[in-house]
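# Inside the fold
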Amino acid sequence: MPRKRMTSLWPMALFKATKSMTRALRRVRPVVKAPRGTGLWSSGAALGPAGMRRYHLLLPPGLRVGERLPLLVMLHGCAQDANGFALSTRMNRLAVQQRFALLYPEQDRHANMQGCWNWFDTDSGLAFREAATVLAMIDQVCLLPALDRTRVAVAGLSAGASLAALLASRYPARFAAAAMHSGVPPGAAHSTASALRAMRGHAPAPASVTLSALPPLLVIHGTADNVVAPGNALAAAQLWAGAAGAQPSASRVVRRGQRKPMTVTDFKQRGRLAVTLCEIQGLGHAWSGGAAGQPFSDASGPDASRMIWSFALRQFVRTVDETIAVGLQA
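Quantities reported herein were computed from a predicted structural model and do not represent experimental measurements. (Residues numbered from 1 in each chain as written. Predicted model: local features only at pLDDT ≥ 70, side-chain atom pairs only at ≥ 80, totals over all residues. Heavy atoms only, no water.)

Attention shifts here to the overall build of the chain. A tally of regular secondary structure across the chain gives eight helices and 13 strands. Within the chain, contacts between residues at least 6 apart in sequence are counted, and of these 65% link residues at least 24 apart. Carbon and sulfur atoms form 57% of the exposed surface of the chain, whose accessible area is close to 15,100 Å². (Helix = DSSP H or I, 4+ residues; strand = E, 2+ residues; numbered from the N terminus. Contact = heavy atoms within 4.5 Å. Areas by Shrake-Rupley, 256 points an atom, 1.4 Å probe, with all protein chains shown as cover.)

A general tendency of soluble globular proteins is for nonpolar side chains to be buried together. Within the largest apolar cluster, 57 residues are counted, with the highest numbers of intra-cluster contacts made by Leu-71, Leu-103 and Ile-138. Broken down by element, this core gets its largest block of residues, eight residues, from helix α5 (residues 159-170). Setting aside residues up to four positions removed in sequence, Ile-138 forms contacts with Leu-71, Val-73, Leu-103, Val-152 and Phe-175. (Core = buried A, V, L, I, M, F, W, Y, C linked by side-chain atoms within 4.5 Å. Buried < 20%, exposed > 50% of the residue type's maximum accessible area, 1.4 Å probe, protein only.)

To continue, consider the pattern of salt bridges. Two side chains bearing opposite charge may form a pair once their charged atoms approach each other closely. Enumeration over the complete set of coordinates arrives at 10 salt bridges. Linking Asp-139 and Arg-174 is a salt bridge whose minimum nitrogen-to-oxygen distance equals 2.4 Å. Of this pair, Asp-139 sits in helix α4 (residues 126-141) while Arg-174 sits in the loop between α5 and β6 (177-181), placing them 35 residues apart in sequence. Among the ionic pairs, Arg-151 bridges to Asp-148, the shortest N-O distance being 2.9 Å. Residues Arg-151 and Asp-148 agree in their burial class; the two are buried. A single network of salt bridges, built from pairs that share partners, joins Arg-64, Glu-67 and Arg-99. (Salt bridge = Lys/Arg side-chain N within 4 Å of Asp/Glu carboxyl O.)

Its 16 residues place the ends of α4 23 Å apart at the C-alpha level, agreeing with the 22 Å of an ideal helix rising 1.5 Å per residue. By the criterion of burial, α4 is predominantly enclosed, with 12 of the 16 residues buried. Within the span of α4, buried status applies to Leu-126, Ala-127, Glu-130, Ala-131, Ala-132, Thr-133, Val-134, Leu-135, Met-137, Ile-138, Gln-140 and Val-141. (Expected span 1.5 Å × (residues − 1).)

Here we take up the pairing of strand β3 (residues 69-75). In regular strands, side chains alternate between the two faces of the sheet. Taken across its seven residues, β3 has seven buried, putting it largely inside the fold. Judged by which residues are buried, β3 turns out to be covered on both faces: Leu-69, Leu-71, Val-73 and Leu-75 on one side and Pro-70, Leu-72 and Met-74 on the other are all buried. Judged from the six bridges that link them, β3 and strand β5 (residues 147-157) form a sheet pairing that is parallel. The residue of β5 that forms the bridge with Met-74 is Ala-155. (Pairing = 2+ DSSP bridges.)

What follows deals with the packing of aromatic side chains. Applying the stated rule across the entire model yields six aromatic pairs. Between the aromatic rings of Phe-85 and Trp-287, the centroid separation amounts to 5.5 Å while the plane-to-plane angle is 90°, which identifies the pairing as edge-to-face. Of this pair, Phe-85 sits in helix α2 (residues 82-89) while Trp-287 sits in strand β12 (residues 287-288), placing them 202 residues apart in sequence. Each member of the pair Phe-85 and Trp-287 is classed as buried. The interplanar angle of 90° and the centroid separation of 5.5 Å between the aromatic rings of Trp-119 and Phe-120 together place this pair among those described as edge-to-face. For Trp-119, a relative accessible area of 9% corresponds to the buried category. Taken together through their ring pairs, the aromatic side chains of Trp-41, Phe-85, Tyr-104 and Trp-287 make up a single cluster. (Phe/Tyr/Trp six-rings, centres within 6.5 Å; stacked < 30°, edge-to-face > 60°.)

This is the structure in structure tokens:
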């Protein structure tokens, strides 16, 4: 077959394969057992500017006719995959209890040998292509009638946290809330070398974010993190708050039982929350309150999964209230 003919057939074959995956997703037949929880645990793939990326989707059991679920997108860190991240965070159990859907995108090891999202590679544009590919994945799963595309939040750990912030800053209208756990703020790096400097806390202050409609951000970081310097947490909070013209409120110390204490600071603009910064005392580079014995997980910290869901839920409720108010004024 001539080379030109082979080239022209490849995109069509790829399109057909993606379309077939989408049809399979709509049937919602679980192909593997969901880690640490029940529910419908499906696998799929989506095509975007960075190429094909796999994902897992969790839907709570007993879906009712007409039910519309909010969606939380969970972006894993380096040396993790979607399944391991679900095990570590125990977010699946919470999703079943609280009835929301979970999307776990998975980085391709051919795109990054360590399984890191390339949040830092803005010089080549790869960071933006990966963000756009995750957005295409969200669009694909939101074809399911059970998902409410107006109630979507994104969260991540480490490299996943940085990509979550990049997504929320580039597509602010698509997310009601965002959460960064142990990540680097957008604009702090543009290459591998500058990413390493930023992680160590030696990066210049990130360029200001000019958008004024950023979704509220939750920042969680450990004061003993020796992988991503704790100063990145304050930098992320200040970057987000600056875009909204928000000012910090008085900090408060929160401690539940024997878990590690945390210092919480809210940044508000005319009473409207823009950022919540949670600095957890003695926490390293690990998911706070995660499953014991799992990599990148510290069971002795406050429950980050519940914190993230509670934060997102408050923004979902606010979004619904504002939509109703607009409708009454029309």
